[in-house]
Amino acid sequence: MPGLFSPIEIDGLNLKNRIVMPPMETNRATPEDGVSDWIIDHYVERARGGVGLIIIEHTFVMPNGRFSPHQLGLYKDDLVSGFRQLADAIHAEGVPCILQLNHAGSRTTTDAIGEQPVSASAVSLPTGGEVPRELSTVEILEIEHAFASAARRAKEAGFDGVEIHGAHGFLLNQFASPLTNKRNDEYGLDMAGRMRFPIEVIQEVRDTVGPEYTLLYRLGADDMIEGGITIEDGVEIARLIVNAGIKVVDVSGGLIGSRPPDMIPGQFVPQAARIKKAIDVPVITVGLITTGELADDIIRDGDADLVAIGRALLKDANWPKTAATDLGLE
Ligand SMILES: Cc1cc2nc3c(=O)[nH]c(=O)nc-3n(C[C@H](O)[C@H](O)[C@H](O)COP(=O)(O)O)c2cc1C
């Protein structure tokens, strides 16, 4: 069986190992929402540290989809040049890079966007927050278009692919989850209806970037709250998104955020393993994976094709080298 340091090809991209830097917001964009020197240095350091793939932090696709004040945005063409510098700098280290695209929906605040946040329904997240305004069908189509335009810009900037953010209680997760989608129209009611918006986002992005471009989806495979998406739903959603054109499924969960309380090492490994059995594209797993031994076991056991190392990689940019040493490798 392959291990953590076995190379892998995913949708035409050659990765030197199975270690992924998952998207992690730095909140260090320029005042114009663009790429700063600090951000470039941050990712180049991790590329030099030996990761196989970098997924850049969530980047908002239209102004009312912003999550935080200094978040990256790619909602207009003027922003492309900064992103090109970022992609070029990472590529110079021989590492492929993906850009994560997001709309925060009701996980943002009126303070952050200057208007009432929007969502599938006028229902706040289970943890509270503001009561959002329900999106109209016309507005839903505008957001789909914004995802597609941002993906077009990411491709122009030289990224090897984009990841659509469908987890952690952001807008696509809000549509997919029965806890936050109470719509009675074609964008609600049942699984097919609740997934209609995320699927249309994927399809419009795919139509815009073409059949060869690499598309990942960060899948909220388990809301971890009673009445929300369960792993059985997660498996069904995984099948739907792969049918719609997703080439790599990045399995995560948690409707109220990416780091649920009482997180255990390898938190989303069981979900990834279930999903991996149901689909035939590569699967990424995540969740408090901090040692080379655990990461290597996950790959050798066939539970996932790639492992994402989040906070451990923020602490130690050379985590891959540390892990190799721990495993007794060069
Ligand atoms: C500071 C920070 C920012 C994050 N930002 C994002 C993000 O932009 N997009 C996303 O999908 N997940 C985000 N996450 C979640 C991580 O990608 C990852 O799933 C989570 O930290 C669990 O992995 P870990 O235990 O290895 O850190 C963030 C996590 C942290 C710690």
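Residues numbered from 1 in each chain as written. Predicted model: local features only at pLDDT ≥ 70, side-chain atom pairs only at ≥ 80, totals over all residues. Heavy atoms only, no water.

## Looking at the packing of aromatic side chains
- For the structure shown, the criterion picks out four aromatic pairs.
- Ring centres of Phe67 and Phe170 lie 5.2 Å apart, and the angle between their planes is 85°; this geometry places the pair in the edge-to-face category. Taken together, the residues span a long stretch of sequence, with Phe67 in the loop between strand E4 (53-60) and helix H2 (80-91) and Phe170 in the loop between strand E8 (161-166) and helix H5 (171-176) at a distance of 103 residues.
- With a relative accessible area of 4%, Phe170 lands in the buried category.
- Their ring planes at 65° and their centres at 6.3 Å tell us that Phe83 and Phe159 sit as a pair that is edge-to-face. (Phe/Tyr/Trp six-rings, centres within 6.5 Å; stacked < 30°, edge-to-face > 60°. Helix = DSSP H or I, 4+ residues; strand = E, 2+ residues; numbered from the N terminus. Buried < 20%, exposed > 50% of the residue type's maximum accessible area, 1.4 Å probe, protein only.)

## Let's talk about the side chain of Thr180
- Assignment of secondary structure puts Thr180 in the loop between H5 and helix H6 (191-194).
- Only 2.8 Å separates the side chain of Thr180 from the backbone oxygen of Gln174, close enough to count as a polar contact.
- Leaving out residues up to four positions away in the same chain, Thr180 has contacts with Ala120, Ser121, Val123, Ser124, Leu125, Asn173 and Gln174. (Polar contact = N/O pair within 3.5 Å; in protein donor to acceptor, adjacent residues only side chain to side chain. Contact = heavy atoms within 4.5 Å.)

## What about the site of the ligand?
- Surveying the vicinity of the ligand reveals 18 residues, the closest of which are Pro23, Glu25, Gln100, Leu288 and Arg311.
- With respect to the ligand, the backbone of His58 contributes an N or O atom lying 3.1 Å from an oxygen atom.
- For the ligand, a nitrogen atom lies 2.8 Å from a polar atom in the side chain of Gln100.
- In isolation the ligand has 610 Å² of accessible area, and contact with the protein removes 90% of it.
- Its residues assigned to classes, the shell around the ligand comprises seven nonpolar, seven polar and four charged. (Near = heavy atom within 4 Å. Areas by Shrake-Rupley, 256 points an atom, 1.4 Å probe, with all protein chains shown as cover. Nonpolar A, V, L, I, M, F, W, Y, C, P; charged D, E, K, R; others polar.)

## Brief notes about the pairing of E4
- Where burial is concerned, most of E4 is hidden: eight out of the eight residues are buried.
- Note that strand E3 (residues 19-21) and E4 share two bridges and pair parallel. Pairing of Met21 across the sheet is with Ile54, part of E4.
- The pairing of E4 with strand E5 (residues 97-102) spans five bridges and is classified as parallel. When the sheet's bridge partners are listed, Ile56 is paired in E5 with Leu99.
- In the classification by handedness, the crossover that spans E4, the intervening H2 and the parallel E5 is right-handed. (Pairing = 2+ DSSP bridges. Right-handed = clockwise from strand over helix to strand, strands pointing away.)

## Points about the side chain of Arg18
- Along the polypeptide, Arg18 turns up in the loop between strand E2 (13-15) and E3.
- For Arg18, which is buried and forms no salt bridge, the nearest opposite charge comes from Asp305, at a distance of 4.9 Å.
- A polar side-chain atom of Arg18 sits 2.8 Å from the main-chain carbonyl oxygen of Ser6. (Lys, Arg positive; Asp, Glu negative; His and termini not counted. Salt bridge = Lys/Arg side-chain N within 4 Å of Asp/Glu carboxyl O.)

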